[in-house]
Amino acid sequence: QTCALPISDGEVVAMYAGNFGHAQDPRVWLHVAREFTHRPDVRFVFVGSGALDSEMRAFVERFELKNVTFLGQRTPIESASLLSSSDVQLISLRASRFFNLMLPSKVQAAMSSAKPIVAAAEGETARVIQMSRCGVAHAPDDIEALASSVETLVGMSSSERQAIGQAGRTFYEQHMSSQVGLDALTALANHVQIGRAHV
């Protein structure tokens, strides 16, 4: 089951997909979207729902953001189809000592889908994105830097964005995929068996 994006020809899609919660605080991307009102070719798409849903929709109405689309909660299959149709993935995580230790699952989802990432996050999320070279990360309150990075990515050709996304895909396959985890567990099990054989 696929799900088509309701966009016009030539539009570049920057997508946030996930929970609209206080921990993720995707409101930052609405502030970024306000910086793109002069760019009719860039659309910010939000997939999901959560505690901040009503507040975010009210923000869009108040500032008449014509470049923002809400698609609501979707099934995992629909969400995966929408993600694959996006050009840039937006990820946010509120700054705190606790959250800085976390790596949201949506980072891995974006990387496995070979999509470049702009993240409003610090800590582990920023470290993995920087290490894999699959995008950029800035402090969640740095709207100017986030908007600049989004503008850089949407200004690239599709092949340039694909190359950045592929770097994430390669990193995911080498370090994060279930097969990598299975191989590591198998190696560990074999090591334990060999160790026992020599005891």
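Structure's up top.
Predicted model, so just to flag it, every value in this text is computed and none were measured.

## Describing the environment of Glu160
Phase 1: For Glu160, the location among the structural elements is in helix α7 (residues 158–175).
Phase 2: Each C-alpha atom, one on Glu160 and one on Pro116, is 9.8 Å from the other, the two residues being 44 residues apart in sequence.

## Regarding the pattern of salt bridges
Phase 1: For the structure on display, the rule yields 9 salt bridges.
Phase 2: Among the ionic pairs, Glu11 bridges to Arg43, the shortest N-O distance being 3.2 Å. With Glu11 in the segment before β1 (12–17) and Arg43 in strand β2 (residues 42–47), this residue pair connects regions lying 32 residues apart in the sequence.
Phase 3: A relative accessible area of 13% means that Glu11 is categorised as buried.
Phase 4: Assessed through its relative accessible area of 14%, Arg43 is described here as buried.
Phase 5: Between Arg39 and Glu151 there is a salt bridge, with the nearest N and O atoms lying 3.3 Å from each other. You can see Arg39 sitting in the loop between α1 (27–34) and β2 and its partner Glu151 sitting in helix α6 (residues 143–154), a full 112 residues away along the chain.
Phase 6: Overall, Arg39 belongs to the buried group, its relative accessible area being 17%.

## Details of the packing of helix α4 (residues 105–112) against α7
Phase 1: In contact at an axis separation of 7 Å, α4 and α7 are set at 110 degrees when each is read in the N-to-C sense. With respect to each other, α4 and α7 are oriented roughly perpendicular. On the side of α4, the interface is formed by Gln108, Met111 and Ser112, while α7 contributes Gly165, Gly168, Arg169, Phe171 and Tyr172.

Parameters at a glance
Residues numbered from 1 in each chain as written. Predicted model: local features only at pLDDT ≥ 70, side-chain atom pairs only at ≥ 80, totals over all residues. Heavy atoms only, no water. Helix = DSSP H or I, 4+ residues; strand = E, 2+ residues; numbered from the N terminus. Salt bridge = Lys/Arg side-chain N within 4 Å of Asp/Glu carboxyl O. Buried < 20%, exposed > 50% of the residue type's maximum accessible area, 1.4 Å probe, protein only. Axes fitted to C-alpha atoms, helices over the stretch in contact; angles between N-to-C directions. Parallel < 35°, antiparallel > 145°, perpendicular 65-115°, else oblique. Contact = heavy atoms within 4.5 Å.

The quantities given are spatial measurements derived from coordinates; they are silent on function.
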